[in-house]
Amino acid sequence: MTPGTQAPARPRPFRHEALLYAGDHEFVESVGAFILAGEAAGEPIMVMVEERKIDLLRSILRDHAQHVVFEDMLGVGRNPARIIPAWTDFVADNTADGRSARGIGEPVWPQRGPAELAECVQHEQLLNTALADAAGFTLLCPYDTAALDERALDAAHTGHRTLLEGGMSLPSPGWSSDNHGEAALAGTFSEPFPPPEAFTFEADGLRELRSAIAREAQRAGLTAHDVEVVLLAANEVATNSVRHGGGRGRARVWSDEAALVCEVHDDGHITDPLAGRHPPDVGDTSGRGLWLANQLCDLVQVRSSSTGTTVRLHVNR
């Protein structure tokens, strides 16, 4: 560097902030201002919210959205595990050579069920791991305090270091670095009632698992296509258990008001917190089953620790 010249400015670190707003007016006002600031800076922007809110933003922004890509979150994020790949692709395409970019993502809406909300909390925590090196990228996650209960707002409190409310950015009282990375996969599931029958499987066949799925799917009224989906996903996850979980596993199948659920448990331990959230490399023998399950199922839940791994596959009724 020659005398009198300045070193190029380093891009800002990844920033992941929750926006707490109440109702459509505050949403449009706050998110619109965030988008316009990005437009003024020439930053690429991706907005992932429900289609209705996309229409609200377009009606306000009009010609001031030249650098904005809109995606319907109800499609992309129906299974929350599919959201991180969308953000990592956007960041890879738009923050090279020190460039900055912005994102708006609203993964939680009032119609989310309890299992989906639990995965949204995990998703927001894992975003901090997935995008830790995404220098120059700012991600704003809106949460409607007028429509969401405290359980739904857990994703805002635990997944973000700061909360933006009323124009002020404040530390989140629920933030802890202990919630992120591999720790985000820890924990246990609530038990279904009545408890479904459990059975073990080994490498010599998964016939009993397939039969149990077929019987429960018939009772749940699933279509033939959805039965094929859950059979394929369950076979992939169970095969993972045989290969990486000690050669055997335990399975249970049941249905609730929302979905058919297939649970697979083994003695293995997932050490990659983003397993199933990034496409496996060519020739990679691990992670492929969870990735495929996430593409097929409406919801995939993973809990893993030194005591074992449990995966629940949900296909909506």
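It should be noted that the structure appears before, not after, this text.
Anyway, here's the lowdown on the structure attached to this text. (Residues numbered from 1 in each chain as written. Predicted model: local features only at pLDDT ≥ 70, side-chain atom pairs only at ≥ 80, totals over all residues. Heavy atoms only, no water.)

Across the sheet, seven strands lie side by side as S3-S2-S4-S5-S1-S6-S7; this open sheet has mixed pairing. Here the strands that pair on one side only, and so sit at the sheet edges, are strand S3 (68-72) and strand S7 (168-171). Across the sheet, the mean angle separating the axes of adjacent strands is 20° when strand polarity is ignored. Pairing of strand S2 (residues 45-49) with strand S4 (residues 101-105), which is carried by four bridges, proceeds in the parallel orientation. Bridged to Ile45 within S4 is Arg102. In the packing of helix H2 (residues 51-61) onto the sheet, the strands contacted are strand S1 (15-21), S2 and S3, and the crossing angle to S3 comes to about 155°. Sitting on the sheet, helix H4 (residues 83-94) touches S2, S4 and strand S5 (137-144), and the angle it makes with S2 is about 170°. (Pairing = 2+ DSSP bridges. Helix = DSSP H or I, 4+ residues; strand = E, 2+ residues; numbered from the N terminus. Axes fitted to C-alpha atoms, helices over the stretch in contact; angles between N-to-C directions. Contact = heavy atoms within 4.5 Å.)

Our next topic: the nonpolar core. Trp87, Leu131, Phe137, Tyr143, Leu209, Cys262 and Leu313 are the most contacted members of the largest nonpolar core, which totals 66 residues. Broken down by element, the residue count for this core peaks at eight residues, all from helix H8 (residues 224-244). Ignoring sequence-local partners within four residues, the contact set of Leu209 consists of Phe199, Ala234, Ala238, Ala251, Val253 and Cys262. (Core = buried A, V, L, I, M, F, W, Y, C linked by side-chain atoms within 4.5 Å. Buried < 20%, exposed > 50% of the residue type's maximum accessible area, 1.4 Å probe, protein only.)

A few words on the packing of aromatic side chains. Under the definition given, this model contains five aromatic pairs. A centroid spacing of 6.3 Å and a plane angle of 75° characterise the contact between Trp87 and Phe90, whose relative ring orientation is edge-to-face. Here Trp87 and its partner Phe90 are both found in helix H4, three residues apart, which amounts to about one turn of the helix. A relative accessible area of 9% places Phe90 in the buried class. Between Trp87 and Phe137 the ring centres are 5.8 Å apart and the planes differ by 45°, which places this aromatic pair in the tilted class. Placement of the pair is Trp87 in helix H4 and Phe137 in strand S5, with a sequence separation of 50 residues. Residue classification places Phe137 among the buried positions, given a relative accessible area of 0%. In textbook terms, an aromatic cluster arises when at least three aromatic residues are bridged by ring pairs, as seen for Phe14, Trp87, Phe90 and Phe137. A cation sits over an aromatic face here: Lys53 above Phe27, 5.0 Å from the ring centre. (Phe/Tyr/Trp six-rings, centres within 6.5 Å; stacked < 30°, edge-to-face > 60°. Lys NZ or Arg CZ within 6 Å of the ring centre and 35° of its normal.)

Looking now at the sheet that holds strand S10 (residues 259-266). Overall, antiparallel pairing links the five strands, which are arranged S8-S9-S10-S12-S11 in an open sheet. On the outer flanks of this sheet lie strand S8 (198-202) and strand S11 (299-305), each paired with one strand and no other. Averaged over all pairs of adjacent strands, the angle between their axes in this sheet comes to 20°, without regard to strand direction. Where S11 lies against strand S12 (residues 308-316), seven bridges are found, and the strand directions are antiparallel. Of the residues in S12, the one forming a bridge with Ser305 is Gly308. Where H8 meets the sheet, its contacts fall on S8, strand S9 (248-255), S10 and S12, and the angle it forms with S12 comes to roughly 175°.

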